[in-house]
Amino acid sequence: MTEEQPGAALEPAAADRSGQGVVAAFGQSLKTLRVRAKMEREELGKRLGYSASTIASFEQGRRIPPPRAIDRSDEVLDAGGLLSVWKEQLEKAQYPAFFQGMAQLEKQAVELLAYDTLAVKGLLQTEEYMRAVLSNRRPPLDAETIEQRVTARLARQAIFERRPAPFLSFVMCESVLRRNVGGKEVLRGQLEQLLLIGGRRNVEIQVMPLDCEDNAGLEGPFTVVTREDGKRFVYAEAQSTSALETDPKQTVLAAARYGIIRSQALSPRESLELIEKLLGEL
């Protein structure tokens, strides 16, 4: 990675192990402070709004607590900041290694352009759709990893509430909207969410029709992110691997390619009309 590229300069496997180590170390700290406070898991769970088994999952490094739970644990256990200091590292660890750099970029984006061909973009997914997508992974993800990734993915959707609002453009292949991920009820909820988000003033959702003869996006999905300082990044992901490109020439070409894709797709208004039509067919 270059100096300006976000994320730790680690190979995916090493980064995953590093993240697991952070989660395990936090869990041990939580347990040590709880024992020092002479508090049972049931009591701590009651104060935090969790079951004793969930507290055990936190302590054993099998689950990452959300930031508010970390702060509350620090307060309840009178830890003096020893737990809260872990928040940034734990937030990073909740994402798979190949996505950690992109997760940081989304928080800094003033513009995000995304083209997708297989599934609805994570930023646009409903919780039910997320679970369906993650449950389809092979080899299967364990239940706690799915919960962790759902929580992380939902947290990323705070981008829609940011002020000043970034410009967000999403183009997706029509097949994405027709793919029955999770069943009809899940798909119905997802299409409804797309209509809702597509109505925001800073968001444009477009559909690339299946019968369109011209498609500049046949090489696959990608995302172009621009930071406030004007630095642009191109992110592409496949089969649990990713590439985050920073070369100015490549990022300019990717942005230009995205512009061509947008011009070939249905307009935002036509796209929302198509989504409404597909929703009515379910």
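Residues numbered from 1 in each chain as written. Predicted model: local features only at pLDDT ≥ 70, side-chain atom pairs only at ≥ 80, totals over all residues. Heavy atoms only, no water.

You can see Asp78 is positioned in the loop between α4 (67-76) and α5 (87-93). Note on Asp78: relative accessible area 63%, which makes it exposed. Between the alpha carbons of Asp78 and Leu279 there is a distance of 52 Å; along the sequence they are 201 residues apart. (Helix = DSSP H or I, 4+ residues; strand = E, 2+ residues; numbered from the N terminus. Buried < 20%, exposed > 50% of the residue type's maximum accessible area, 1.4 Å probe, protein only.)

So, about the confidence of the model for the chain. Taken as a whole, the chain shows an average pLDDT of 90; of its residues, 93% reach a score of 70 or greater. Under a pLDDT of 50 for its full length, residues 1-15 has, in the predicted model, 24 contacts with residues more than four places off or in other chains. (pLDDT = per-residue confidence, 0-100. Contact = heavy atoms within 4.5 Å.)

To continue, consider the sheet that holds strand β3 (residues 203-208). The mixed open sheet is built from six strands, whose spatial order is β3-β2-β1-β4-β5-β6. In this open sheet, the two strands that pair with only one neighbour each are β3 and β6 (241-245). Across this sheet, the average inter-strand angle for adjacent strands is 15°, counted without regard to direction. Examined bridge by bridge, strand β4 (residues 222-227) and strand β5 (residues 232-238) share four bridges and lie antiparallel to one another. (Pairing = 2+ DSSP bridges. Axes fitted to C-alpha atoms, helices over the stretch in contact; angles between N-to-C directions.)

Residues of helix α2 (residues 41-48) that are buried include every one of Leu44, Gly45 and Leu48, and no others. The buried residues of α2 all sit within an arc of 100° when viewed along its axis, so they share a single face. Exposed and facing more than 90 degrees away from the buried side of α2 are Glu42 and Lys46. Directly after α2, the chain includes Gly49, whose backbone phi takes a positive value near 85°. (Arc of directions from axis to C-beta.)

Turning to the state of the cysteines, a few remarks are in order. Tallied over the full model, the rule gives zero disulfides. For the unlinked cysteine Cys173, the closest cysteine sulfur is that of Cys212, found at 9.9 Å. In this structure Cys173 comes out as buried when scored by relative accessible area, which is 13%. Given a relative accessible area of 26%, Cys212 falls into the partly exposed group. (Disulfide = S-S within 2.5 Å.)

Below, the discussion takes up the pattern of salt bridges. As enumerated under the stated definition, the model contains 16 salt bridges in all. Residue Glu59 pairs with Arg41 through a salt bridge whose shortest N-O separation is 2.8 Å. With Glu59 in helix α3 (residues 52-59) and Arg41 in helix α2, this pair connects stretches of sequence that are 18 residues apart. With relative accessibility at 5%, the residue Glu59 sits in the buried group. Residue Glu75 is joined to Arg72 by a salt bridge in which the shortest nitrogen-to-oxygen separation is 3.0 Å. (Salt bridge = Lys/Arg side-chain N within 4 Å of Asp/Glu carboxyl O.)

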